[in-house]
Every structure is written in structure tokens, then in C-alpha cells.
Amino acid sequence: MRGDDEPRLPDPRMIPIAAPQAWFEQPSPEHSVATGQSATDEGDGVFVRPFIVTRGRTRPLHDGLRLETLIEALPAALGRDGWGKPLSAPLQFEQRQIVELAQHPVSVAEVAARIGVPLGVARVLIADLYTGKYISLHEPHELPVHVIERIRDLVRAL
Amino acid sequence: MYGRSERESTGPSAVKIVISGGFGVGKTTFIGAISEIEPLTTEASMTDRSVGIDDASLLTQKTTTTVALDFGRITLDSSLILYLFGTPGQERFDFLWDDLATGALGSVIIADTRRIEDCYPVLDYFEDKSTPFIVAVNDFDGADRFELGEVREALGVDEAVPVVHCDARSRESVKGVLVALIEQVLLQRVA
């Protein structure tokens with residue numbers, strides 16, 4: 001669909017899964033989706049309360065995260081803080097997964113689906129990352145007419 | 001400097017179109033026909049919204065009510081990503097519907113002529129929200145092909161709302177429906 005000259009656009013099939021850290025095994029996002037594994041998988045009788053990964057917090061620190069809000073990792077997000085110093089506290093497993101997914105712009109809904117957590121959980125985790133300056137948000141805004149026209153032409157040309 | 005302009009239009013933007021209609025009407029098929037990824041599913045649970053709502057009955061439901069939500073993605077160009085979200089089928093969950101409809105460019109309401117009444121609640125919802133929408137009649141194998149005028153009459157939708165045929169399995173057909181919706185959005189914009 002697109003030229004090969006601009007590969008910075010998000011396509012999860014192309015996002016390299018980060019090399020597993022020595023101290024944990026990282027399942028690929030595709031794997032967790034394909035097998036239906038998630039924090040709330042109830043099929044096998046093991047029920048994990050979904051908000052366990054947020055330590056019970058259900059309220060995001062940042063409001064207004066829509067399903068389609070795009071997040072993108074800030075360059076320093078993996079391993080270094082804003083001043084280039086190595087982070088003293090590494091990110092929690094799910095947060096690290098999110099930062100890895102967000103190497104390209106990715107929506108809140110996609111993050112939830114790919115790391116296998118309910119939307120509400122994803123919102124809390126993403127808001128934490130935003131507050132901690134690991135990611136930036138591209139929040140949706142009202143589109144001017146010329147952009148809508150461009151969308152129409154691009155859809156037509158698909 | 002990066003990140004300072006995150007609210008400016010220079011960054012990537014996501015556009016959302018809601019694919020709606022009764023249960024089993026072909027919403028996920030429609031999304032899958034054009035999405036660049038296999039449609040993804042995410043879960044919303046009642047706890048997403050029950051906290052902070054002054055309704056004690058919601059709080060007693062804990063996490064037991066979960067709704068699955070299917071969506072697909074189309075990368076339009078280096079700064080525009082189109083997401084197609086399907087509304088959950090069986091029941092209407094207002095908390096999630098509002099999440100879906102807020103900020104949506106518009107909605108495609110898929111109708112099945114064998115169960116035309118299934119889309120009445122959906123029509124009510126989007127008319128109420130003033131979200132631009134069009135009706136796409138999914139031509140299932142074996143279903144009688146109705147005149148679009150008849151469908152319009154049965155649905156009781158305004159003359160200004162396009163009613164079109166579609167084959168949810170066909171990429172070209174789905175594309176045509178999306179273009180028709182965007183035309184409708186533009187019409188309502190300039191009106």
C-alpha cells in the first residue's frame with residue numbers, strides 16, 4: 001500500500017520484538033493475542049483480577065485517553081531518563097511492553113489488545129507512562145475539511 | 001523539542017470510524033476486509049467506568065461484565081491512521097458506546113434485510129448523537145436483494161442519509177462504503 005521508502009509507520013507485524021531481557025521471558029504481543037491469553041482469561045478457571053497490574057488503581061492519572069489516542073515512546077524511554085542517565089528503577093513488565101510497542105505511534109485500544117489487558121488497565125498504565133515522560137500522546141482533534149478530503153482520497157486510493 | 005508539538009497537527013493523527021449494526025451482521029467481516037492487520041479484540045469491563053459513577057449497583061458487578069471490542073487499522077499515510085471500531089453486538093453498553101462514538105468521524109450502520117429491526121437501536125443512538133452515518137445493506141448470499149428505497153422506508157431514515165449496498169467480504173465494496181461515508185461527513189460539514 002505504501003512505498004518502502006518510509007518505513008517509520010506503525011505496522012505491528014514489523015515492530016521488532018525487543019530481545020528478551022535476561023531476567024524474563026517476553027512473550028510476543030502477537031502470541032498473547034493469538035492464543036487469547038490475557039490477564040482476565042477465565043477459560044481455565046484461573047481468574048486474575050485485571051487491575052492487579054496497576055496495584056488496584058482504576059483511575060488513570062491523565063484523563064481523556066480515547067480508544068484512538070496515539071501514543072509514541074519518547075526517545076529516551078527505554079532505559080534512560082530525560083537527562084540521559086540510566087533509569088534506576090526499570091519499568092514494570094507491562095509498561096516496558098507498552099514502550100516497546102510505542103516505538104511507532106500506536107493507539108490505546110491497540111496497546112490493550114496487544115498486551116492482553118482490558119482497556120481500563122491499559123489506560124492506567126499509559127497514563128502512568130505519560131506522567132513519567134516515557135511517552136508522548138497524540139490526542140485526537142477536530143479535523144479540518146481539507147484533512148477529511150485527504151482521508152477520502154486516500155481511502156479511495158487504497 | 002520533540003514532544004512539545006504533540007498537540008499540533010504536525011504529529012500523526014488517528015481517525016476513527018465506527019462500524020455498527022445488529023449482532024452477526026458482518027461488522028468484523030467488514031473490518032477484516034480492509035484492515036491491514038487481522039482485526040484485534042480488546043476487552044472493556046464494567047469496572048472501567050463503574051468507579052466514580054454514583055450507582056452502587058454497578059459496583060457490585062465487579063469485573064464480571066466484559067465486552068469484547070473488535071477493531072482494525074489502515075495506515076493512510078505517514079501521518080494518518082484510520083481505525084475501524086466495531087460496536088459490540090449483543091447488547092448496548094452505553095459506557096462503551098460513548099467511548100466509541102466520541103470523536104468518531106462517522107459511522108457505518110450495517111443492515112441485514114432479514115433482520116432489519118436489529119439496527120433500530122443503533123440508528124436511534126447515532127441520530128441522537130448527531131454522528132454522521134450511512135446505512136450499508138449487507139447483501140448476504142440467499143437474502144433477497146431489496147430495493148434500497150424499501151430498506152430506507154423500513155428503517156425510517158431521512159432522505160439525506162445515504163443507503164448503499166455492500167458486500168462485507170469484498171475489499172472494494174467496503175472501500176466504496178467508507179468513501180460514501182466520508183462524502184456524507186463532508187456534506188454535513190459544509191452544510
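Residues numbered from 1 in each chain as written. Chains lettered and ligands numbered in written order. Predicted model: local features only at pLDDT ≥ 70, side-chain atom pairs only at ≥ 80, totals over all residues. Heavy atoms only, no water.

1. Things to note about the overall build of chain B
Okay, step 1: Scanning chain B from N- to C-terminus turns up seven helices and seven strands.
Okay, step 2: Secondary structure elements in chain B, listed N-terminal to C-terminal, are β-α-β-α-α-β-β-α-β-α-β-α-β-α.
Okay, step 3: Counting only residues that meet the buried cut, chain B has 54% of its 191 residues in that class.
Okay, step 4: Long-range pairs, those at least 24 residues apart, make up 72% of the contacts in chain B between residues at least 6 apart in sequence. (Helix = DSSP H or I, 4+ residues; strand = E, 2+ residues; numbered from the N terminus. Buried < 20%, exposed > 50% of the residue type's maximum accessible area, 1.4 Å probe, protein only. Contact = heavy atoms within 4.5 Å.)

2. Here's the deal with the interface of chain B and chain A
Okay, step 1: On the side of chain A, 56 residues touch chain B, which itself brings 54 residues to the contact.
Okay, step 2: For the interface between chain B and chain A, the tally reads seven salt bridges.
Okay, step 3: Linking chain B with chain A are 12 residue pairs in polar contact (both at pLDDT 80 or more).
Okay, step 4: When contributions to the side of chain B that touches chain A are tallied by element, the ones reaching two or more residues are strand 1 (13–21), strand 2 (40–45), helix 2 (47–50), strand 3 (66–77), strand 4 (80–86), helix 4 (94–101) and helix 7 (171–190) of chain B.
Okay, step 5: Among the residues making up the side of chain B that touches chain A, the classes are represented as 25 nonpolar, 14 polar and 15 charged. (Salt bridge = Lys/Arg side-chain N within 4 Å of Asp/Glu carboxyl O. Polar contact = N/O pair within 3.5 Å; in protein donor to acceptor, adjacent residues only side chain to side chain. Nonpolar A, V, L, I, M, F, W, Y, C, P; charged D, E, K, R; others polar.)

3. Digging into the environment of V185(B)
Okay, step 1: Mapped onto the fold, V185(B) is located in helix 7.
Okay, step 2: Since its relative accessible area comes to 4%, V185(B) is described here as buried.
Okay, step 3: Ignoring anything within four residues of it in the chain, the contact list for V185(B) reads I148(A), L105(B), G106(B) and P132(B).

4. Focus: the nonpolar core
Okay, step 1: Ranked by internal contacts, the top residues of the largest apolar core, which has 64 residues, are I71(A), I98(A), I126(A), F85(B), F126(B), V135(B) and L155(B).
Okay, step 2: With eight residues, the top contributor of residues to this core is helix 4 (residues 119–131) of chain A.
Okay, step 3: Of all hydrophobic cores here, the second largest spans 34 residues; its members include F30(B), L105(B), I134(B) and I182(B). (Core = buried A, V, L, I, M, F, W, Y, C linked by side-chain atoms within 4.5 Å.)

5. Looking at the confidence of the model for chain B
A low pLDDT means the predicted coordinates there should not be read in detail.
All names here are of chain B.
Okay, step 1: With 79% of its residues at a pLDDT of at least 70, chain B reaches an overall mean of 82.
Okay, step 2: Across residues 1–9 the pLDDT falls below 50, and counting only partners more than four positions away or on other chains, this stretch makes 15 contacts in the model.
Okay, step 3: Scored below 50 in pLDDT, residues 47–63 shows 22 contacts in the model against residues more than four places distant or in partner chains.
Okay, step 4: The complex prediction reports pTM at 0.77, with the ipTM value standing at 0.83. (pLDDT = per-residue confidence, 0-100.)

6. Describing the environment of I115(A)
Okay, step 1: Note on placement: I115(A) falls in helix 3 (residues 108–115).
Okay, step 2: Between the C-alpha atom of I115(A) and that of Q95(A), which follows or precedes it by 20 residues, the distance is 9.6 Å.

7. As for helix 1 (residues 27–34) of chain B
Residues and elements named next belong to chain B.
Okay, step 1: Every buried residue of helix 1 is accounted for by K27, F30, I31, A33 and I34. For helix 1, the buried positions fall inside an angular range of 155 degrees around the axis, keeping them on one side.
Okay, step 2: Considering only its buried residues, helix 1 is in contact with strand 1, strand 3, strand 4, strand 5 (106–111), strand 7 (163–166) and helix 7. (Arc of directions from axis to C-beta.)

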